[in-house]
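# Examination of the molecular architecture
Residues per chain, in single letters:
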Amino acid sequence: MPGVSDLRNLGDWFDNPAAQCSAHVGVDAEGHSAMYVRDSRKAWHVAKFNSNALGIEMIGRAAQTFWPDKQMRKTARYVAYWSKRYGYPVRKAKVNTRSGAILRSGVIRHSELGELGGNHDDPGTSFKMTRLLWLARFYRAKG
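I will try to describe carefully the structure that is included in this document. (Residues numbered from 1 in each chain as written. Predicted model: local features only at pLDDT ≥ 70, side-chain atom pairs only at ≥ 80, totals over all residues. Heavy atoms only, no water.)

Right, let's talk about the layout of surface pockets for a bit. As a volume, the largest pocket reaches approximately 930 Å³. Secondary structure elements with two or more residues in the lining of the largest pocket: β3 (56–58), α2 (69–86), β5 (102–104) and α3 (129–142). Sorting elements by how many residues they give to the lining of the largest pocket places α2 first, with 4 residues. Classifying every residue of the lining of the largest pocket by side-chain character gives 22 nonpolar, 12 polar and 9 charged. Looking at the second largest pocket, its volume works out to about 320 Å³. In this structure, the second largest pocket is lined by 20 residues; those nearest its centre are Leu10, Trp13, Phe14, Cys21 and Glu57. Every element with two or more residues in the lining of the second largest pocket is listed here: α1 (2–15) and β3. (1 Å grid on protein atoms, 1.4 Å probe; cavity = no way out; pocket = protein on both sides within 12 Å on 5 of 7 lines; lining within 4 Å. Points joined across faces, edges and corners; volume = space filled by probe spheres on them. Helix = DSSP H or I, 4+ residues; strand = E, 2+ residues; numbered from the N terminus. Nonpolar A, V, L, I, M, F, W, Y, C, P; charged D, E, K, R; others polar.)

Next comes the structure, spelled out in structure tokens:
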């Protein structure tokens, strides 16, 4: 399965000390996932915000224009699970990218965190955050 090997390769990269990065979970295009860092531990994925964030690495490219439904649904299930477990709202977060102040808790893309978030450009401008949040709300309500 192509995705499972992608997840394995991602885990190998996170295990490499030279990478200096990690995420709590990874999700591939086929909707498979892998856990890399326990929720209670800090993952190294959004620089200044590492201590306050749970990170999902969606395997893909920032330039892609389509995110597979299975990948979006699996990612939304993690958002719903974490929302229910830790009580944060399923909504778009707001952060002051100059001071690092979290203005509103919720879900945010790497690319919206600016320099304090590590200057990431993923998941890209074509990522459908509205759809992800809708799916997460659906799964949260479904239980």
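Now that the structure has been shown, the text picks up again.
The next subject is the sheet that holds β3. A sheet is described by the order of its strands in space; here 3 strands give the open sequence β2-β1-β3, paired in mixed fashion. Strands at the two margins of the open sheet, each flanked by one partner only, are β2 (33–35) and β3. Neighbour-to-neighbour, the strand axes of this sheet turn through a mean angle of 15 degrees, independent of strand direction. Bridge count for strand β1 (residues 25–27) against β3 is 3 bridges, and the pairing is parallel. (Pairing = 2+ DSSP bridges. Axes fitted to C-alpha atoms, helices over the stretch in contact; angles between N-to-C directions.)

One recurring pattern in soluble globular proteins is that nonpolar side chains are buried together. Ranked by size, the top nonpolar core spans 21 residues in total, and within it Ile56, Met72, Val79, Val107, Phe127 and Leu132 carry the most contacts. Apart from the residues within four sequence positions on either side, Ile56 is in contact with Val25, Val27, Thr75, Tyr78, Val79 and Trp82. (Core = buried A, V, L, I, M, F, W, Y, C linked by side-chain atoms within 4.5 Å. Buried < 20%, exposed > 50% of the residue type's maximum accessible area, 1.4 Å probe, protein only. Contact = heavy atoms within 4.5 Å.)

A word on the side chain of Asp39. In this fold, Asp39 is placed in the loop between β2 and β3. Reaching out from Asp39, the side chain makes a polar contact with the side chain of Tyr86 at a distance of 2.9 Å. (Polar contact = N/O pair within 3.5 Å; in protein donor to acceptor, adjacent residues only side chain to side chain.)

Our focus in this paragraph is α3. For α3, which comprises 14 residues, the first-to-last C-alpha distance of 20 Å matches the rise-based estimate of 20 Å (1.5 Å per residue) to within 8%. Against the buried residues of α3 lie α2. Looking at the residues trailing α3, positive phi occurs at Gly143, about 90 degrees. (Expected span 1.5 Å × (residues − 1).)

Overall, the coordinates contain 5 salt bridges when judged by the stated rule. In this structure, Arg85 and Asp39 form a salt bridge, with 4.0 Å as the shortest nitrogen-oxygen distance. Here Asp39 lies in the loop between β2 and β3 and Arg85 lies in helix α2, a separation of 46 residues in the sequence. Of the residues examined, Asp39 reaches a relative accessible area of 19% and is grouped as buried. A salt bridge links Arg73 to Asp69, with the shortest nitrogen-to-oxygen separation between them at 2.8 Å. Separated by 4 residues within a single helix, Arg73 and Asp69 lie in helix α2, roughly one turn from each other. The partly exposed category is assigned to Arg73, whose relative accessible area is 28%. On the accessibility criterion, Asp69 (34% relative accessible area) is partly exposed. One salt-bridge network, held together by shared partners, links Asp69, Arg73 and Arg131. (Salt bridge = Lys/Arg side-chain N within 4 Å of Asp/Glu carboxyl O.)

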